[in-house]
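Structural characterization, general
Here is how the chains run, residue by residue.
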Amino acid sequence: MVKNDPFANATKQVNDACDIIGIKDKELREYLAMPNKMMRVKIPVKMDNGKIRVFTGFRSQHNNDRGPYKGGIRYFNPEGGVEYMEREVMALSSWMTWKCAIVDIPLGGGKGGIYVNPKTEKLSDGEMERLTRQFAYKISEIIGPEKDIPAPDVYTTGREMTQIMDTFSKLNGNKYSPGVITGKPISMGGSLARNVATGLGTAYCVREAAKALKINLKTSKVVLQGFGNASTFAGIYLEKMGAKVIGASDSKGSILFEKGAKVSKLMEYKEKTGSVVGFPGSKKVSTEELLTAKCDILVPGALENQITAKIANNLKCKIIGEAANGPTLPEADPIIAKKKILVIPDILANSGGVCISYLEWVQNNMGYYWSFDEVANKMEKNITKGFKDAYELSKKHKIDMRKATMVLAVERVLEAFNQKGIWP
Ligand code: GLU
C-alpha cells in the first residue's frame, strides 16, 4: 500500500459519480475505475560514463470505449518512489478518460512516465535521447495512431515527442506516423495553439463561470499560483478578456501587487532574474497568503494538494480555475462548496491541452493544417459546451461542479460501453 494513494482518490471519484447516477453493480464500478491495461517496463540505458543504468517506466491504458487511449508521458520522481508513481500514473490515466469525455472528443484515457527527474539528475542530451527511445521501443507494441496516442506532461517536451515518433516510425518500416503522438514541434506536424492550449482553455472556462455568476471580467482581479505554461497563458488570456493579475508565484516564492501588473512584464522579469519574486512594486507573501488573497479568480496552476481544508476556510475568491492536475484536496471540497465559490475542476479547466492534442491528431490524420484561430475556435466550442453541460447538471442535481463533471463524463463513457457490449 502506498501513502496518500492517488489511485484510491481517483477510484473514490468514480464511486461518488456512480452513487449519484445510481450504479450499484460492483463489477461495473470496478470496470469504470480500473485501467484496462498497465504496462511496467525496464529501460536499460548506456550512460555517458559507459555504465548501464536501469530505469522503470509505465504506460497505463485506462479506458478506450470512446476512442484510442490518450494522455501524457511524464519524467518525474514523486517522493513516494516507484510504487507511488505506478499508482499516480493509473490515477492520471483515469482522469484523462473523464477529461476527454467532458469535452466530448472521441478519445479515451491513458498516461505514462519514467521514474526519473531530468532536471535534478542533469542527464545529458544523449542520455535523455537513449532513455526516451528505449522507452518508446518498450511501449511501441501498445501505442499507435489508432491505439494509444501519448503527449507531453511534466518535464517532457516536443523534443521527446519527436524522438518517440521517430522511434515508432522506424520500428514500423519507416512509416510516416505523426499521429502516434501529439505536442510535437510545428516542424514535426505539431498544431498551432498547442503551446498555449491549457491556459487558453482555463481562460475560456473562467469566462463562462464569470458569465454564470454575473461577474464582470473587466473589473476582476486574478491570482496565479505557479508561473509555468498553464498559469502564465491563463493569465495572458484573462488579461486579454479585461481582468487584472494581482498575484503570482513560482518555486522561489509568492508575491502580491495590489495595483496589478502585465503578465508579459512578469515573464520578462522572471526570464532576467530566474523568479517573479522581487518584481518591482510587489510584496513577498507566503503561499497561504497568496492563495487566500482577496481576488475574484484564483488559478492554481502549480502543484497537487495545494488547497487544504485550512486554506479553503480562508479563501476569498469567487471562482477557482484549476489549471493544474489535482490542486485541491478532497477535504477542501465541501468547505469550498459551502462558501459558494465556483470551482472549475481540473479535468475540465485544464482540458484545453488534450482538446488541441485531439485537433493535432485530426490534422495529422488528414494531412491538412489549420490556422491558429481555426484551432483555438474549435477548442473554444468544445470546452465552453463542456462547461455549460456540467454547470447545468450541477444546478439540476444540486451538486458541486467536481461531482457534476464526473457524473457527465462517467455517463458518456458508459453510453459508449453499453453500445459496444463485450466481445469476445
Ligand atoms: N498531459 C496533458 C494532460 O494532462 C495533455 C495530454 C494530451 O494532450 O494527451 O492533460
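Scoring rules and cut-offs
Residues numbered from 1 in each chain as written. Predicted model: local features only at pLDDT ≥ 70, side-chain atom pairs only at ≥ 80, totals over all residues. Heavy atoms only, no water. Axes fitted to C-alpha atoms, helices over the stretch in contact; angles between N-to-C directions. Helix = DSSP H or I, 4+ residues; strand = E, 2+ residues; numbered from the N terminus. Parallel < 35°, antiparallel > 145°, perpendicular 65-115°, else oblique. Contact = heavy atoms within 4.5 Å. UniProt positions renumbered as here; feature names shortened; annotations may be inferred. Buried < 20%, exposed > 50% of the residue type's maximum accessible area, 1.4 Å probe, protein only. Polar contact = N/O pair within 3.5 Å; in protein donor to acceptor, adjacent residues only side chain to side chain. Pairing = 2+ DSSP bridges. Near = heavy atom within 4 Å. Areas by Shrake-Rupley, 256 points an atom, 1.4 Å probe, with all protein chains shown as cover. Nonpolar A, V, L, I, M, F, W, Y, C, P; charged D, E, K, R; others polar. Core = buried A, V, L, I, M, F, W, Y, C linked by side-chain atoms within 4.5 Å. Phe/Tyr/Trp six-rings, centres within 6.5 Å; stacked < 30°, edge-to-face > 60°. Lys NZ or Arg CZ within 6 Å of the ring centre and 35° of its normal. Patch = residues over 30% accessible without salt bridge, like charges linked within 9 Å, V, L, I, M, F, W, Y side chains within 5 Å. Salt bridge = Lys/Arg side-chain N within 4 Å of Asp/Glu carboxyl O.

Let's shift gears to the packing of helix α3 (residues 81–102) against helix α16 (residues 401–420). Where α3 meets α16, the closest approach of the two axes is 8 Å, and the angle between their N-to-C directions is 85°. Comparing their axes, α16 and α3 come out roughly perpendicular. Where α3 abuts α16, its residues T97, W98, A101 and I102 lie against T405, M406, A409, V410, R412 and V413.

Below, the discussion takes up the UniProt feature "active site" (unreviewed entry) in the chain. Mapped onto this numbering, the UniProt entry annotates "active site" (unreviewed entry) at K111. For K111, the location among the structural elements is in strand β4 (residues 109–115). Leaving out residues up to four positions away in the same chain, K111 has contacts with F58, R59, S60, G72, R74, V89, L92, S93, M96, D153 and N325.

Within the fold, T132 resides in helix α5 (residues 125–139). Take T132: its relative accessible area is 0%, and that puts it in the buried class. There is a polar contact of 2.8 Å between the side chain of T132 and the side chain of Y75. For T132, the residues in contact, after removing those within four places along its chain, are Y75, E160, Q163 and I164.

On to the sheet that holds strand β9 (residues 283–285), then. Read from one edge of the open sheet, 7 strands run β9-β8-β7-β6-β10-β11-β12, paired in mixed fashion. Strands with a single pairing partner mark the edges of an open sheet, and in this sheet they are β9 and β12 (342–344). Between one strand axis and the next, the sheet turns by 20° as a mean value, whatever way the strands run. Docked against the sheet, helix α8 (residues 229–240) engages β6 (221–225), β7 (244–250) and β10 (297–300), running at close to 170° with respect to β6.

Glancing now at the sheet that holds strand β1 (residues 37–46). Reading across from one edge, β1-β2-β4-β3-β5 is the order of the 5 strands in this open sheet, with mixed pairing throughout. Each edge of the open sheet is held by one strand with a lone partner, namely β1 and β5 (148–152). Pairwise comparison of adjacent strand axes, ignoring direction, gives a mean angle of 20° for this sheet. Pairing of strand β2 (residues 52–63) with β4, which is carried by 6 bridges, proceeds in the antiparallel orientation. Within β4, the position partnered with S60 by the bridge is K111. Against the sheet, α5 touches β1, β2, β3 (69–76) and β4, its axis set at about 145° to β1.

Further remarks concern the site of the ligand. Inspection of the region around the ligand gives 14 residues, with K70, K99, P152, D153 and S357 positioned closest. D153 is positioned such that a nitrogen or oxygen atom in its side chain is 2.7 Å from a nitrogen atom of the ligand. For the ligand, whose free accessible area comes to 300 Å², the fraction covered by protein is 92%. Secondary-structure elements contributing two or more residues to the shell around the ligand are β3, α3, β5 and α14 (352–366). Grouping the amino acids of the shell around the ligand by side-chain chemistry returns 4 nonpolar, 5 polar and 5 charged.

With that out of the way, let us pick up the nonpolar core. Residues L32, W98, L238 and I344 are the most contacted members of the largest nonpolar core, which totals 89 residues. With 10 residues, the single largest contributor to this core is α16. Apart from residues lying up to four places away in sequence, L238 is in contact with A203, V206, V222, A243, I297 and V299. With 24 residues, the next largest nonpolar core counts M39, V45, L123 and L131 among its residues.

In this section: the packing of aromatic side chains. Applying the stated criterion across every chain yields a total of 6 aromatic pairs. The rings of F257, Y269 and F279 are connected pair by pair, giving a single aromatic cluster. Here the guanidinium or amino end of K378 rests over the ring plane of W370, the centre of that ring lying 4.5 Å away.

Where nonpolar side chains cluster on the molecular surface, the patch consists of I186, L192 and F372 and spans about 250 Å² of accessible area. Examined against the element boundaries, L192 turns out to sit in the loop between α6 (158–171) and α7 (197–213). Judged by relative accessible area, L192 falls into the partly exposed class, the value being 37%.

Let us now look at the environment of I311. Here I311 is to be found in helix α11 (residues 309–314). As for I311 and T328, which are separated by 17 residues in sequence, their C-alpha atoms are 9.9 Å apart. Those residues within four positions of I311 in sequence are excluded, and the remaining contacts are E288, L291, T292 and Q306.

This next bit is on the side chain of Q163. Tracing the backbone through its elements, the reader meets Q163 in helix α6. What Q163 contacts, discounting residues up to four positions off in sequence, is M128, E129, T132 and R133.

Where side chains of opposite charge bring their charged atoms close, a pairing between them can arise. Under the definition given, this model contains 31 salt bridges. Taking the shortest distance from any N to any O, the salt bridge between D250 and K270 comes out at 3.2 Å. With a gap of 20 residues between them, D250 in strand β7 and K270 in helix α9 (residues 263–273) connect regions that are remote in the sequence. According to the relative accessible area criterion, D250 is buried, its value standing at 12%. Given the relative accessible area of 24%, K270 is considered partly exposed. In this structure, the salt-bridge partner of E322 is R402, at a minimum N-O distance of 2.9 Å. One end of the pair, E322, is in the loop between β11 (319–321) and α12 (333–338); the other, R402, is in helix α16, with 80 residues separating them in the sequence. Each member of the pair, E322 together with R402, is buried. A single network of salt bridges, built from pairs that share partners, joins R207, E208, K211, E380 and K388.

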